[in-house]
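Coordinate analysis (summary)
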Amino acid sequence: MSVRQALLALLEEGPRYGYQLRAQFEQRTGATWPLNVGQVYTTLTRLERDGLVEGAGDDGAGHVVYRITEAGSDEVATWFTTPVERAQPPRDELAIKLALAVTVPGVDVGTVIQQQRTATMSALQDYTRLKRRAADGQSREDLAWTLVLDSLVFGAEAEIRWLDHCEARLRRAQLERPEAAPATPAAVEREASR
Amino acid sequence: MTAVLQLREVTRVHGAGETEVHALRSVSFAAHPGELVAVMGPSGSGKSTLLTLAGGLDTPTAGTVTVEGQDLAALGAAGRARARRTSIGFVFQDFNLIPALTAVENVALPLELDGVRSRTARATARRALEEVGIADLADRFPDHMSGGQQQRVAIARAVVGDRRLILADEPTGALDSETGESILRLLRARCDAGAAGVLVTHEARHAAWADRVVFLRDGVVVDETGADRADALLDAGATQ
Ligand SMILES: Nc1ncnc2c1ncn2[C@@H]1O[C@H](COP(=O)(O)OP(=O)(O)OP(=O)(O)O)[C@@H](O)[C@H]1O
Ligand SMILES: [Mg+2]
């Protein structure tokens, strides 16, 4: 996630200091991707170095206020008009786990899938509860937060559909190869050592 | 708290001999007042079978189905038909609207059959159509409506009046995601108001509105989320 672009986009609304930026970020995205204030200030320092923001003095209470520059505004515009890169998917622990579960001997893949589906379903129920609560708010920030929740909801749903799909594929593979699965080397060894 | 719907070791076998199909195998299941339960599972796993048994549209091969403490088998056909008009709302997978009746007449029908005066029944039906977002289509015939609109008429018919048990088989199948969500809000609101609901769905996003999600495979319950709440209720019932 690009903290840099997010902070720049928030600065489009007017000059802000670090704590304000963090608060506004979290108002729109919930506690989904928490930012620590140190990260905010480091990013602001880099943005200033790159000429995308500039110091706008002190707010009178000792907070250093930043303002977006023209170059910064251009970068925000570019960010909003460029699709997010999908070419390099982030490393997905679950996909890797399943890929290994079907190949590593002695793993009950069916159980791995079922347990994961139940866990993901519980997470999906939690997101939905948060959504029901958030839906009462009318402000633009509440709307932003429900959209973030929807993203989590659709993500979890996609994962469950994929798990259903994996389960169906495995069943079909078992039907096509009905002979009993060969004993795994580890199991044979365990048996031999008894 | 007593369950609105209780299935005890229910088995349903279709056909016999070679062609025998075990649609459900000794399934126990309950839905309490205020509770929405979702049922998920692959095609052919027994979801519609479970729902039709719960709604008294079919009778089990073994086991019992009770609705508000009444054994549906003991009620007889006439008693079950009465229960379906008054306390059980059913959304069919294929809508089951009557083509010769307009939307509002379809929705008002169960009320009218139960002796509610026509005018009152229609007014209540119009409100239900409003709740599902198609008040403007009240006087149309099903054939002149889109699939999603027909589905919403079927939902209005299931929630109209004071139904204690709402059974919905894929009620969002023909709907876009926004409309589907508004239907889930409606079902959720009915349950929050004290009804018990059972929702069959393929969409995890919709199942997530439920308090509990039950997974069926080959006629057997294989897993369940949020079972703690149900256990707590059962424990509370046991200590009463
Ligand atoms: N009247 C019937 N006669 C014979 N077999 C039946 C009958 N009704 C259902 N079955 C069988 O019982 C099993 C369960 O069917 P059911 O309709 O409950 O599945 P489902 O989970 O609702 O599937 P879907 O997601 O496709 O709607 C299936 O194998 C089906 O073929
Ligand atoms: Mg079905």
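Residues numbered from 1 in each chain as written. Chains lettered and ligands numbered in written order. Predicted model: local features only at pLDDT ≥ 70, side-chain atom pairs only at ≥ 80, totals over all residues. Heavy atoms only, no water.

In the nomenclature of an unreviewed UniProt entry, chain B corresponds to Putative ABC transport system ATP-binding protein from the organism Nocardioides soli.

Going by the annotation in an unreviewed UniProt entry, the name recorded for chain A is DNA-binding PadR family transcriptional regulator, with Nocardioides soli given as the source organism.

Before going further, it helps to spend a moment on the overall build of chain B. Looking only at helices and strands, one finds eight helices and 10 strands in chain B. Scaling as 2.2 N^0.38, a compact globule of 240 residues should have a C-alpha radius of gyration of about 18 Å, and chain B matches this with 17 Å. Across its three principal directions, the C-alpha atoms of chain B cover 45 × 40 × 35 Å. For chain B, the residues scored as buried account for 50% of the 240 residues in total. (Helix = DSSP H or I, 4+ residues; strand = E, 2+ residues; numbered from the N terminus. Rg over C-alpha atoms; globule rule 2.2 N^0.38 Å. Buried < 20%, exposed > 50% of the residue type's maximum accessible area, 1.4 Å probe, protein only.)

For the rest of this paragraph, the subject is the coordination of the magnesium ion (ligand 2). Residues and elements named next belong to chain B. For the magnesium ion (ligand 2), every protein donor is listed as Ser 48 (OG) and Gln 93 (OE1), and the spread of their distances is 2.0 to 2.5 Å. Taken together, the residues span a long stretch of sequence, with Ser 48 in helix H1 (residues 47-54) and Gln 93 in the loop between strand S6 (88-91) and helix H3 (103-113) at a distance of 45 residues. Here Ser 48 falls in the partly exposed class, since its relative accessible area comes to 27%. (Donors = N, O, S within 2.8 Å, 3.2 Å for Na, K, Ca; no water.)

Further remarks concern the packing of helix H6 (residues 109-134) of chain A against helix H7 (residues 140-176) of chain A. Residues and elements named next belong to chain A. Where H6 meets H7, the closest approach of the two axes is 9 Å, and the angle between their N-to-C directions is 160°. By the angle between their axes, H6 is roughly antiparallel relative to H7. Relative to H7, H6 is oriented so that their crossing is left-handed. When grouped by side-chain class, the residues that make up the contact of H6 with H7 number 16 nonpolar, four polar and seven charged. (Axes fitted to C-alpha atoms, helices over the stretch in contact; angles between N-to-C directions. Parallel < 35°, antiparallel > 145°, perpendicular 65-115°, else oblique. Left-handed = near helix turned anticlockwise from the far one by under 90°. Nonpolar A, V, L, I, M, F, W, Y, C, P; charged D, E, K, R; others polar.)

This part takes up the nonpolar core. In terms of nonpolar packing, the biggest core is built from 49 residues, with Met121(A), Leu124(A), Val107(B), Leu129(B) and Val153(B) touching the most fellow members. If you tally residues by element for this core, the top one is helix H5 (residues 147-159) of chain B, at six residues. Apart from the residues lying within four places of it in its own chain, the contact partners of Leu124(A) are Val153(A), Ala156(A), Glu157(A), Ile160(A), Ala204(B), Arg205(B) and Ala208(B). Listed in part, the 27 residues of the second largest apolar core include Val27(B), Ala31(B), Ile88(B) and Ala196(B). (Core = buried A, V, L, I, M, F, W, Y, C linked by side-chain atoms within 4.5 Å. Contact = heavy atoms within 4.5 Å.)

Residues and elements named next belong to chain A. Turning to helix H5 (residues 93-101), its buried residues are Leu 94, Leu 98 and Ala 101. One side of H5 carries all its buried residues, which in axial view fall inside an arc of 60°. The elements touched by buried residues of H5 are H6 and H7. By the N-cap criterion, in which a side-chain oxygen at the helix start approaches the backbone nitrogen of a residue two or three places on, H5 is capped by Asp 92, the distance to Leu 94 being 3.0 Å. (Arc of directions from axis to C-beta. Polar contact = N/O pair within 3.5 Å; in protein donor to acceptor, adjacent residues only side chain to side chain.)

Time to look at the pairing of strand S7 (residues 165-169) of chain B. All names here are of chain B. Along S7, five of the five residues are buried, which leaves the element largely enclosed by surrounding structure. On S7, burial covers both faces: Leu 165, Leu 167 and Asp 169 on one face and Ile 166 and Ala 168 on the other are all buried. Where S6 and S7 come together, four bridges link them in parallel fashion. Its bridge partner lying in S7, Ile 88 is registered against Leu 165. The pairing of S7 with strand S8 (residues 196-200) spans five bridges and is parallel. Bridging across to S8, Leu 167 finds its partner in Val 198. (Pairing = 2+ DSSP bridges.)

Our focus in this paragraph is the UniProt feature "domain: Transcription regulator PadR N-terminal" (unreviewed entry) in chain A. When the UniProt feature table is mapped to this numbering, "domain: Transcription regulator PadR N-terminal" (unreviewed entry) covers residues 7-77 of chain A. Across residues 7-77 of chain A, helical content stands at 54% and strand content at 18%; the span's end C-alpha atoms are separated by 13 Å. (UniProt positions renumbered as here; feature names shortened; annotations may be inferred.)

Another aspect to go through is the interface of chain A and chain B. Chain A puts 19 residues into the contact, and the matching count from chain B is 23 residues. Across the chain A to chain B interface the summed buried area is about 1700 Å²; carbon plus sulfur atoms make up 53%. Taken together, chain A and chain B are joined by five salt bridges. A salt bridge links Glu181(B) to Lys131(A); its shortest N-O distance comes to 2.7 Å. The interface formed by chain A and chain B contains nine residue pairs in polar contact (both at pLDDT 80 or more). If you list the elements that add at least two residues to the side of chain A that touches chain B, you get H6 and H7 of chain A. Considering each element in turn, the side of chain A that touches chain B owes the most residues, 10 residues, to H6(A). A per-class count over the side of chain A that touches chain B returns six nonpolar, five polar and eight charged. (Buried area = accessible area lost by both parts, 1.4 Å probe. Salt bridge = Lys/Arg side-chain N within 4 Å of Asp/Glu carboxyl O.)

Right, let's talk about the site of ligand 1 for a bit. Residue and element names in this part refer to chain B. What surrounds ligand 1 is a group of 13 residues, the closest being Ser 43, Gly 44, Lys 47, Ser 48 and Thr 49. Measuring from an oxygen atom of ligand 1, one finds a side-chain N or O atom of Ser 43 at 2.5 Å. Interatomic distance of 2.7 Å between a side-chain N/O atom of Lys 47 and an oxygen atom of ligand 1. For ligand 1, the protein covers 61% of the area, taking 640 Å² as the surface of the free molecule. At three residues, the largest contribution of residues to the shell around ligand 1 is made by H1. Its residues placed into classes, the shell around ligand 1 shows three nonpolar, nine polar and one charged. (Near = heavy atom within 4 Å. Areas by Shrake-Rupley, 256 points an atom, 1.4 Å probe, with all protein chains shown as cover.)

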